Amino acid sequence: MATVHLAEAPGPAGVTKRLAIKRMRPSLAVSPRFLEMFVAEARVAVGLSHARIVPVLDFGRVGGEYFLALEHVEGRDFGAVLARARARNRPLGAPLGLLIAARVLEALDYAHRRGIVHRDVTPGNVLVSVEGEVRLGDFGVALGPAAEAAGARGTPAYMAPEQARGETVDPRVDIFAVGLLLHEAVTGVRVYGSEGGVSVIERARHGDVPPLPEDAPAAVRRLVARATARDPDARHAGAAAMLEETLAALAVSPTTERDLARALADLFDGQAAAPVEPLADVDLAGVDAAADEVTYLGGGLHALETTPNSDGAAPGDAPPTRLFSRRRAAALAGALALAFALAAALSPQWLGGEAPARTGHPAAATSAAPQARAPKSPPRTVAPTFPTEDGTRPSATTGGKPPVKASTGTGTLDLGAVPWARVRIDGRDAGETPLLGVRLSAGRHVVRLENPHLRVVREILVDVRAGAKTTEVVRFE
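Residues numbered from 1 in each chain as written. Predicted model: local features only at pLDDT ≥ 70, side-chain atom pairs only at ≥ 80, totals over all residues. Heavy atoms only, no water.

*Asks:* Please explain the packing of helix α4 (residues 94-112) against helix α10 (residues 257-267) as it appears in this structure.
*Replies:* Think of two packed helices as two axes; the pair is described by the angle between the axes and how far apart they sit. Between α4 and α10, the least distance of the axes is 10 Å, while the angle of their chain directions is 115 degrees. The interaxial crossing formed by α4 with α10 has left-handed handedness. Between α4 and α10, the contacting residues are L96, L99, I100 and R103 on the first element and E257, D259, L260 and A263 on the second. Among the residues making up the contact of α4 with α10, the classes are represented as five nonpolar, no polar and three charged. (Axes fitted to C-alpha atoms, helices over the stretch in contact; angles between N-to-C directions. Helix = DSSP H or I, 4+ residues; strand = E, 2+ residues; numbered from the N terminus. Left-handed = near helix turned anticlockwise from the far one by under 90°. Contact = heavy atoms within 4.5 Å. Nonpolar A, V, L, I, M, F, W, Y, C, P; charged D, E, K, R; others polar.)

Quick look at the structure:
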């Protein structure tokens, strides 16, 4: 659902910081389900701060493209390390496997104590730096504290049986996955291979994990057998328990990050860092810089830069946050090869909260949506797509607030538009689609969507139920 790019964010005095930019594919950004997954990853990951977890620095949007900015880890992912070792018929062995497992378990213990289940602990999501440091990343399908715990989300080749069957899961699915990683490091063979014509997902559902060979250390054999038990109750109770047993086994053959760094360099013939493919040149001819927009979604993210409160907010309100200056945004856009210039002022737009004032100060409604060029002709107005209770369709040019049904409580609205739209809810500015988690009072609301480039306006009626989420996607002709 995303591509990953290397970028540099320039700072004062020529100081730069390398970032890994995870860029959501534009074809998926119109889907509320995929966008919700991308946003969910940001919501989970930005709240994690641990030495063994890849930190997410920013989450935002450039034009219509959403991205995550993560700290760049110079090195290789564990999947590439295992593949290289397999190609050379040189399994990593127990000591290095135990070290990597221990570091991943440290990250998982931290996440589990915060009610987060990763659900996708795979070699590709474990990064090994050129210095031998190990970090866990990609919380794209992680379960937060309040998330529904069922469903077969993740990578089948590293799923626990209950996860592959779509049953309710808990932190013990991550324990199982670490057991598979350790098994593969010791043997050099992926446990759920495709031999015998049986699909990977079927193997995962049965959870048949062969024991490690007899020449493996007895402590490691016991560790893997317990972690990959088919019955979750037979596994370690949590990451902390497995970590304790892993460190005890590692103490028999002490291994450090320096040993892992040397092994990484040896495997890749001195090229421990993964190569970076340059992007093709981008032709910016004909791009209208004045029409381009840069918006960063905050929601409690760590800001790389803040600006004085110049938006007329009341005294005591938090100043608006800009995650990058225009110069930084331009540098990122160049690294991403986005085919437009970044000239518009940045304006914060927050996830969740009351629409439209989701940033926490009165100026949010005006700052959240930058103004576009005036269209050459008046926009067409399309009749609402949802009838009223009596079956009639109200005028699409009401211009004011509709009568809202008497109700109590609030619900949330997820709103998408194809290709995109500016939104006003009950006459108030709410930003641009896609909008996720907009909290509204229960009842009926008029939602006005405008795409100035297509010169189309559409109004719909949306009924919000207390305690429920309403999802609407509007497709323009």
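On we go.
*Asks:* Got a minute to help me understand the side chain of R135 in this structure?
*Replies:* Looking at the secondary structure, you find R135 in strand β7 (residues 134-136). Here A51 takes part through its backbone oxygen, which lies 3.3 Å from a polar atom of the side chain of R135. Reaching out from R135, the side chain makes a polar contact with the side chain of E71 at a distance of 2.9 Å. Once you skip the residues sitting within four places of it in the chain, R135 turns out to touch A51, R52, I53, V54, P55, E71, V73, N125, V126 and L127. (Polar contact = N/O pair within 3.5 Å; in protein donor to acceptor, adjacent residues only side chain to side chain.)

*Asks:* Can you walk me through the nonpolar core in this structure?
*Replies:* Taken as a class, soluble globular proteins show a tendency for nonpolar side chains to be buried jointly. Core analysis: the largest hydrophobic core is formed by 67 residues, its most contacted members being F78, L92 and F139. When contributions to this core are tallied by element, the ones reaching two or more residues are α3 (78-87), α4, β6 (126-129), β7, α6 (172-187), α8 (218-227), α9 (239-252) and α10. It is α4 that provides the largest number of residues to this core, a total of 13 residues. Beyond its immediate chain neighbours, meaning those up to four positions away, L92 contacts F78, V81, L82, A85, I100, A185 and L267. Residues L413, A430, L435 and F476 belong to the second largest nonpolar core, which totals 18 residues. (Core = buried A, V, L, I, M, F, W, Y, C linked by side-chain atoms within 4.5 Å. Buried < 20%, exposed > 50% of the residue type's maximum accessible area, 1.4 Å probe, protein only.)

*Asks:* In this structure, what is going on with the sheet that holds strand β16 (residues 435-441)? I would like to understand it.
*Replies:* Strand pairing in a sheet relies on backbone hydrogen bonds, with the paired strands running either antiparallel or parallel. With mixed pairing, the three strands of this open sheet are ordered in space as β16-β13-β19. If you trace the sheet from one side to the other, it starts and ends with β16 and β19 (469-475), each paired once. Taken over all neighbouring pairs, the strand axes of this sheet differ in orientation by 30 degrees on average, direction set aside. With five bridges connecting them, strand β13 (residues 410-418) and β16 associate as antiparallel partners. Within β16, the residue paired with G411 across the bridge is L440. Across the sheet, helix α2 (residues 32-45) lies against β13, β16 and β19, angled at about 90 degrees from β16, the strand it touches most. (Pairing = 2+ DSSP bridges.)

*Asks:* Explain α8 to me, please; I cannot follow it from the model alone.
*Replies:* The α-helix winds at 3.6 residues per turn, so residues separated by three or four positions along the chain end up facing the same way. Inspection of α8 places V220, L223, V224 and A227 among the buried residues, and these make up the whole buried set. Along the axis of α8, the buried residues cluster in a sector spanning 90 degrees; they form a single face. As for α8, its buried residues are in contact with α4, α6 and α9. (Arc of directions from axis to C-beta.)

*Asks:* Teacher, can you tell me more about the side chain of R235 here?
*Replies:* Secondary-structure assignment places R235 in the loop between α8 and α9. In this structure the side chain of R235 is engaged in a polar contact, spanning 3.3 Å, whose partner is the backbone oxygen of R230. Ignoring anything within four residues of it in the chain, the contact list for R235 reads A160, P161, E162, R172, V173, F176, R226, A227, A229 and R230.

*Asks:* How should the packing of aromatic side chains be read in this particular structure?
*Replies:* Working definition: an aromatic ring pair is given by the centre-to-centre distance plus the angle between the planes. Inspection of every chain in the model, using the stated rule, returns two aromatic pairs. Residues F38 and F59 carry aromatic rings whose centres are separated by 5.9 Å and whose planes lie at 55 degrees to one another, so their mutual orientation is tilted. Within this pair, whereas F38 is found in helix α2, its partner F59 is found in strand β3 (residues 56-62), the two being separated by 21 residues in sequence. Using a relative accessible area of 0% as the deciding quantity, one classes F38 as buried. Exposure remark for F59: the relative accessible area of 1% places this residue in the buried category. Taken together, the ring pairs connect F38, F59 and Y66 into an aromatic cluster. (Phe/Tyr/Trp six-rings, centres within 6.5 Å; stacked < 30°, edge-to-face > 60°.)

*Asks:* What exactly am I supposed to notice about the pattern of salt bridges here?
*Replies:* When the charged atoms of two side chains with opposite charge come close together, those side chains can pair. Considering all chains together, one arrives at 24 salt bridges under this definition. One salt bridge connects R262 with D259, and the closest N-O pair in it is separated by 2.6 Å. Of the two residues, R262 and D259 are both situated in helix α10; the distance of three residues between them amounts to about one turn of the helix. One salt bridge in this structure joins R448 and E459, with 4.0 Å as the shortest N-O distance. (Salt bridge = Lys/Arg side-chain N within 4 Å of Asp/Glu carboxyl O.)

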